[in-house]
Amino acid sequence: MNVDNPVLEIRNLKKYFPRYSGIFRRKTGEVKAVDDISFKINSGETLGLVGESGCGKTTTGRTIMRDLDPTAGEIYFHDNGKVIDVVKLEGEKLREYWKKARMIFQDPYSSLNPRMTVLNIVGEPLKCLKSMSEKEIKNKVRNLLETVGLDARHAERYPFSFSGGQRQRIGIARALALDPELIVCDEPVSALDVSLQAQVINLLEELQEEFKLAYLFIAHDLGIVKHISDRIAVMYVGKLVEVTDAETLFNFPLHPYTEALLSSVPRPEADYELNAISLEGEVPDPLDRPPGCCFHPRCRYSQEICINQEPELKNYGQNEKNPHFAACHFAQEINLRNIDDF
Amino acid sequence: MTAAVKKTDTKLIELSNLHVNFKYRQGTVRAVKEANLDIFSGESLGLVGESGSGKSVTAQSILGIIPTPGEIAEGEIYYFPEGEDGKRITLSDLKSKGKEFRHLRARKFSIIFQEPMSALSPIHTIGNQIIEAMMLARSVNKKEARNEAVKLLRKVGIPKAEERIDEYTFNLSGGMRQRAMIAMALAGEPEFLIADEPTTAIDVTIQAQILELLENLQKDFGMSLMMITHDLGVIAAVAERVAVMYNGYIVEKAFLENIFNNPLHPYTKGLINSIPDIKKTDRKLVSIEGVVPHPYARIKGCDFRPRCEKSIEGICDQSFPSEIECEKDHFVRCYLYNELEDDKK
């Protein structure tokens, strides 16, 4: 998985939402939802994106999809050797991009139109973006439904006759319809029951193997992210604080926020005593971020420099093949506990 | 984790053969079926299950707050007040809006809901809400109640409590709101606290703090805690004893150690196997195939049979297995563990 074969590359991506107030609706500030993040997703790889609610995970995903236009930064999509500048795409070209990059949403109840049959829901991208005939669409949809483990005979039904897990499968079938290379999965299992989560995760893994898909897997459940991801990016208030492969992140975390996250996961083990590192205070307001390292007010290791100077995301990896990025002034000095220590 | 030693034998609440039905025009939803459950004083009991399994309705039936059109169709709920030997109140016979039940809800029982934003009033300060609960529960005047409320807010970990008490819920973050609601629930110094998915809407770092808080408060106040959740991790962190629900039935109940180390019901096993292990990798998740039955569906035999790999034809499709005590304090409702089956072999 270390072969450098990126399907998506983002550089210094920023997405700010202006905030207006007063009677003249003057711009009074900016919510820096995504602030200067860069990463790569290799072909056939899963990059997990974790963080607390409001940290900008979903905004990142939606910006990559060009559902939102970035404030600054570059997004490159590699399509069979061709490099596409996603930010500049317009009209027909953008529609071409949407054939290659698809999205799966969190809530399987609101992401499917209740007035459309499954055939129309899954077939719509085929109709809009690929001029296929009715009959071809019908056959393709039936195949897709079987691929995701649904009964092809149910194509004429409406979403209400399906359970949450089955609806999420419909959403996955819709994403697969155009044979994409990248799927942005925005919390695809967090609205599902435990026993169904496992089904959907297994399905996503099987599909990845079969179709060589790359996933950007956005989630807040560390257990699931660890299970599905090759590499993991940890996000905090619009910034990436640590990026490395899943094993390294859990065994040799370099950022204190990662350490706190690892300590907070309740585990389904009878003799496990939850001993979480308590983070003082609250997640900062992205409108009014603290100076320096934005984690410093809650960090146990913070010192003078953390308040004055913002740490850069630097590579601390031991070898070339396995980079380990972290944004902490003391990444090399402090000895953080890992998953086995909690 | 010496749960077995800690457990006292004083029963606080007893559910006996409880059935709760919701009658709709389209049919009857049997939300809770044949539930037998004891809650002992001072213990923390975890109630796990998927959505629609009847966890919340079980809790609501104890408090007499089942939403309409739900009603207790059969069975009894008993309450044994602490310190009054042998006294037994049949909660299921009380009028849910009657004076006696209201009195109990103010002083003896309490509940924490999943979504603090919808459970707390947006037009009253958190202080006023806590003070109101406190004045209903205890004979204190407003000033005393206010002082007590500040103390409580401090206890649940709200910084600058004397200022925060006059804030409205929209000024507080999710974690702080949940703390405020916990403070309100504790205002009457209850004997029995129900926490209905208290951390589902909260981030992991805050979740860990809230769980720790609940655990400490339970010990400090010496109250019984019933933790309702779908997250086995949360259960492991808080509960001493666990009851697993599936489609309205309590299918297994045992001490925490036994549930995780020696689960007997195929559903419990399935639940535990379907969670990714945070320490190990590359294990394919074992999922429970199929879906939860439709609420109106009537399944012949065991409700879990359609999803169960081990189901036995001619036995599992006949009737729902009754409760068997497989080892001490470990109950399961499954034919695999029934002597009946052994006899036939």
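In this text, all values refer to a predicted model and were calculated from it rather than measured experimentally.

> Before we move on, can you summarise the overall build of chain B with the specific residues and values?
In terms of helices and strands, chain B carries 13 helices and 12 strands. For chain B, the C-alpha radius of gyration of 21 Å lies close to 20 Å, the compact-globule estimate for 345 residues. Referenced to the eigenvectors of the C-alpha coordinate spread, the extents of chain B come out at roughly 70 × 50 × 45 Å. Of all 345 residues assigned to chain B, the portion counted as buried reaches 48%.

> Quick rundown of the overall build of chain A? Include the residues and the values.
Across its full length, chain A holds 10 helices and 12 strands. Counting only C-alpha atoms, chain A reaches 65 × 60 × 45 Å along its principal axes. Expressed as a percentage of the 342 residues in chain A, the buried residues total 47%. If you take every contact in chain A between residues at least 6 apart in sequence, the share linking residues at least 24 apart comes to 65%.

> Quick rundown of unusual backbone geometry? Include the residues and the values.
Only a minority of non-glycine residues have a phi that is not negative, and only a minority of peptide bonds are not trans. Look at the link from B:Thr68 to B:Pro69: it is a cis peptide, with omega at 5°. Take B:Pro69: it is sitting in the loop between helix H2 (55-63) and strand E4 (70-79). The backbone phi angle of A:Glu187 is positive, close to 45°, even though this residue is not glycine. Even without glycine at this site, B:Lys160 takes up a positive phi of about 50°. If you trace the backbone, B:Lys160 turns up in the loop between helix H6 (142-155) and helix H7 (161-164).

> An account of the interface of chain B and chain A is requested, with residue identities and associated values reported.
Each side of the interface is counted separately: chain B has 38 residues, and chain A has 37 residues. Broken down by element, the residue count for the side of chain B that touches chain A peaks at seven residues, all from helix H9 (residues 204-221) of chain B. Its residues assigned to classes, the side of chain B that touches chain A shows 19 nonpolar, 12 polar and seven charged.

> Could you give an account of the packing of helix H5 (residues 164-176) of chain A against helix H6 (residues 194-211) of chain A, naming the residues involved and the relevant values?
All names here are of chain A. Interaxial distance between H5 and H6 falls to 10 Å at its minimum, and their mutual angle equals 20°. Put simply, H5 runs roughly parallel to H6. The handedness of the crossing between H5 and H6 is right-handed. Contacts between H5 and H6 involve Gly164, Gly165, Gln168, Arg169, Ile172 and Leu176 on the former and, on the latter, Leu196, Gln199, Val200, Leu203 and Leu207. Looking at the contact of H5 with H6 residue by residue, the class counts come to six nonpolar, four polar and one charged.

> Which residues make up helix H1 (residues 57-64) of chain A, and what are the values?
Residues and elements named next belong to chain A. Taken across its eight residues, H1 has seven buried, putting it largely inside the fold. Within the span of H1, buried status applies to Lys57, Thr58, Thr59, Thr60, Gly61, Thr63 and Ile64. Positive phi shows up at Arg66, right after H1, with a value of about 60°.

> An account of the environment of A:Gly51 is requested, with residue identities and associated values reported.
All names here are of chain A. Relative to the helices and strands, Gly51 is located in the loop between strand E3 (46-50) and H1. Measuring from C-alpha to C-alpha, the distance between Gly51 and Leu261 comes to 8.7 Å, with 210 residues separating the pair along the chain. Once residues within four sequence positions are removed from consideration, Gly51 is found in contact with Lys57, Val234, Met235 and Tyr236.

> Now, about the sheet that holds strand E6 (residues 109-112) of chain B: what can you tell me, with residues and values included?
Residue and element names in this part refer to chain B. Overall, mixed pairing links the eight strands, which are arranged E6-E7-E8-E3-E9-E10-E12-E11 in an open sheet. In the strand order of this sheet, the two ends are held by E6 and strand E11 (324-327), each with one partner. If you compare each strand with its neighbour and ignore which way they point, the axes differ by 20° on average. Two strands pair when backbone bridges link them, and strand E7 (residues 192-196) and strand E8 (residues 224-229) are joined in this way by five bridges, in the parallel orientation. Bridge pairing links Ile194 to Met226 in E8.

> Talk me through the sheet that holds strand E1 (residues 11-24) of chain B; I want residue IDs and the actual numbers.
All names here are of chain B. Read from one edge of the open sheet, four strands run E2-E1-E4-E5, paired in antiparallel fashion. Since the sheet does not close on itself, it has two edges, and those belong to strand E2 (27-40) and strand E5 (89-90), each with one partner. Bridge count between E4 and E5: two bridges; the pairing is antiparallel. Each residue of the ladder has a partner; that of Tyr79, found in E5, is Ile89. Each of E1, E2 and E4 is contacted by H2, which is oriented at about 70° to E2, the strand it contacts most.

> An account of the packing of helix H5 (residues 126-137) of chain B against H6(B) is needed here, citing residue identities and associated values.
Residue and element names in this part refer to chain B. It is at 9 Å that the axes of H5 and H6 come closest, and there the two elements cross at 115°. For the crossing formed where H5 meets H6, the hand is right-handed. Contact residues: H5 offers Gly127, Ile130, Ile131, Met134 and Met135, while H6 offers Lys142, Ala145, Arg146, Glu148, Ala149 and Leu152. A per-class count over the contact of H5 with H6 returns seven nonpolar, one polar and three charged.

> Explain the pairing of strand E9 (residues 241-246) of chain B to me, and be specific about the residues and the numbers.
Residues and elements named next belong to chain B. Summarising burial for E9: six of the six residues are buried, a large majority. In the sheet, strand E3 (residues 44-48) pairs with E9 via four bridges, with the strands oriented parallel. Following the sheet pairing, Leu47 is matched in E9 by Ala243. Here E9 runs beside strand E10 (residues 249-255); their pairing, made up of six bridges, is antiparallel. Its bridge partner lying in E10, Ala243 is registered against Lys253. Linking E9 to E10, which pair antiparallel, is a turn of two residues; within it Asn247 sits at a positive phi near 50°.

> Could you give an account of the nonpolar core, naming the residues involved and the relevant values?
With 196 residues, the main nonpolar core has A:Leu216, A:Phe217, B:Ile130 and B:Ala183 as its most contacted residues. For this core, the leading source of residues is helix H8 (residues 174-186) of chain B, giving eight residues. Those residues in contact with A:Leu216, other than ones at most four positions away along the chain, are A:Ile41, A:Leu47, A:Leu49, A:Gly61, A:Ile64, A:Val184 and A:Cys185.

> How would you sum up helix H4 (residues 134-147) of chain A? Please name residues and give values.
Residues and elements named next belong to chain A. The end-to-end C-alpha distance of H4, which contains 14 residues, comes to 20 Å, matching closely the 20 Å that a straight helix rising 1.5 Å per residue would cover. Contact partners of the buried residues in H4: helix H3 (118-129) and H5. Gly149 sits one or two positions beyond H4 and adopts a positive phi of about 85°.

> Pulling in residues and values, what's your account of the pairing of E3(B)?
Residue and element names in this part refer to chain B. Most of E3 is tucked away, with five of its five residues classed as buried. Residues Ser44, Gly46 and Val48 line one face of E3 and the alternating positions Leu45 and Leu47 line the opposite face, and both faces are buried. Relative to E8, E3 runs parallel, the two sharing five bridges. Bridging across to E8, Leu45 finds its partner in Met226.

Analysis parameters
- Residues numbered from 1 in each chain as written.
- Chains lettered and ligands numbered in written order.
- Predicted model: local features only at pLDDT ≥ 70, side-chain atom pairs only at ≥ 80, totals over all residues.
- Helix = DSSP H or I, 4+ residues; strand = E, 2+ residues; numbered from the N terminus.
- Rg over C-alpha atoms; globule rule 2.2 N^0.38 Å.
- Buried ≥ 20, exposed ≤ 12 C-beta atoms within 10 Å, placed from the backbone.
- Contact = placed C-beta atoms within 7 Å.
- Nonpolar A, V, L, I, M, F, W, Y, C, P; charged D, E, K, R; others polar.
- Axes fitted to C-alpha atoms, helices over the stretch in contact; angles between N-to-C directions.
- Parallel < 35°, antiparallel > 145°, perpendicular 65-115°, else oblique.
- Left-handed = near helix turned anticlockwise from the far one by under 90°.
- Pairing = 2+ DSSP bridges.
- Core = buried A, V, L, I, M, F, W, Y, C linked by C-beta atoms within 7 Å.
- Expected span 1.5 Å × (residues − 1).

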